[in-house]
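# Secondary and tertiary structure notes
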Amino acid sequence: MIKFINETVDYLKEKGFDSPEIGIILGTGLGQLINDVEVLKEVSYNHIPNFPTATVEFHKGKLIFGKLAGKKVVVMQGRFHLYEGYSLQDVTYPVRIMEQLGIKTLLVSNAAGAINLNFKKGELMLIEDHINLQGSSPLAFKGVSQFGERFVDMSAPYDAGINTKFKSIAKSKGIKLHEGVYVSVVGPQLETRAEYRMLKIMGADAVGMSTVPEIIVANHLKLKVAAVSVLTDECDPDNLEPVNIEEIIAMATKAEPDMVHLFKELIESL
Ligand code: HPA
């Protein structure tokens, strides 16, 4: 894997990806943040050696280097999901690349369903902790200790300092920002009523199909991380409405201005 990583990193450095400080994974609901980035370089995922190939058609699949709020950033426009058939190592490969390019902080967004019924669709949730229900770990491979400790501490996977900043920005801008536990599932099917009940009993506030693998690898690499979910549907097992992906995307789009604002201000404050 080290050989592959070196090839990818050399390629991107040659393309002008020059020591970014912050990595950003633009999930559903944060795509418009790119409009605020002064784009200096961009490369399609399918041109980057050893990168997994983008398949989700509503993501554009590009790695972007630029400036945002005076900071050098590397932005993933579109991410890889387990449900597309990638391995957990594939899904997290870009995090290892961004770390090798120089990032010290990783910021992540995603779309999630609200398990906590005090949280409403269209609102945002800062991830305070997570539960990994994707069945394996992105660190479960031979040679993992070449990259960092195998038995990674997960007592505080999300950076408390960044989270405090997120909360104070939200407060000062009048943006509703809940705080809670995100549980990752494989998907792509949504949950049954029985599964939503189980997730609630487990202690989850929101459920989604991404983010946790990237956060685990970021902790492996000792990056500071923070993540925000846009809540796109309400997972009330006793009144469950059939959801469809169009509705989920529409909700994410509705919350996007708040999400973009929050991230922009946060990056400015770092
Ligand atoms: N479940 C899983 N993933 C999701 C959901 C959900 O209800 N909503 C958005 N992503």
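This report concerns the structure included in the present document.

About the criteria used
- Residues numbered from 1 in each chain as written.
- Predicted model: local features only at pLDDT ≥ 70, side-chain atom pairs only at ≥ 80, totals over all residues.
- Heavy atoms only, no water.
- Helix = DSSP H or I, 4+ residues; strand = E, 2+ residues; numbered from the N terminus.
- Buried < 20%, exposed > 50% of the residue type's maximum accessible area, 1.4 Å probe, protein only.
- Polar contact = N/O pair within 3.5 Å; in protein donor to acceptor, adjacent residues only side chain to side chain.
- Near = heavy atom within 4 Å.
- Areas by Shrake-Rupley, 256 points an atom, 1.4 Å probe, with all protein chains shown as cover.
- Nonpolar A, V, L, I, M, F, W, Y, C, P; charged D, E, K, R; others polar.
- Phe/Tyr/Trp six-rings, centres within 6.5 Å; stacked < 30°, edge-to-face > 60°.

## Description of the environment of Tyr182
By the secondary structure assignment, Tyr182 is in strand β7 (residues 177-184). According to the relative accessible area criterion, Tyr182 is buried, its value standing at 0%. In this structure, the C-alpha to C-alpha distance between Tyr182 and Met125, residues 57 residues apart in sequence, is 9.0 Å. A polar side-chain atom of Tyr182 sits 3.3 Å from the main-chain amide nitrogen of Met209.

## So, the site of the ligand
Around the ligand lies a shell of 13 residues, among which Gly113, Glu191, Tyr196, Thr232 and Asp233 are the nearest. In the environment of the ligand, a nitrogen atom lies 3.5 Å from a nitrogen or oxygen atom belonging to the side chain of Thr232. At 2.6 Å, a side-chain N or O of Asp233 approaches a nitrogen atom of the ligand. Calculation on the ligand without its partners gives an accessible area of 260 Å², and the protein chains cover 95% of this total. If you list the elements that add at least two residues to the shell around the ligand, you get β5 (105-114), β8 (206-208) and β9 (224-234). For the shell around the ligand, a count of residues per class yields eight nonpolar, three polar and two charged.

## A short note on the packing of aromatic side chains
Per the stated rule, a full pass over the model turns up eight aromatic pairs. With a centroid separation of 5.7 Å and an interplanar angle of 40 degrees, the aromatic rings of Phe17 and Phe65 are classed as tilted. Residue Phe17 is found in the loop between α1 (2-14) and β1 (22-26), and its partner Phe65 is found in strand β3 (residues 62-68); the two are separated by 48 residues along the sequence. Assigned by exposure class, Phe17 and Phe65 land together as buried. Ring geometry for Phe51 and Tyr93: centres 6.1 Å apart, planes at 75 degrees, overall edge-to-face. Taken together, the residues span a long stretch of sequence, with Phe51 in the loop between β2 (38-44) and β3 and Tyr93 in helix α2 (residues 88-101) at a distance of 42 residues. Each member of the pair, Phe51 together with Tyr93, is buried.

Nothing here speaks to function; it is all geometry.
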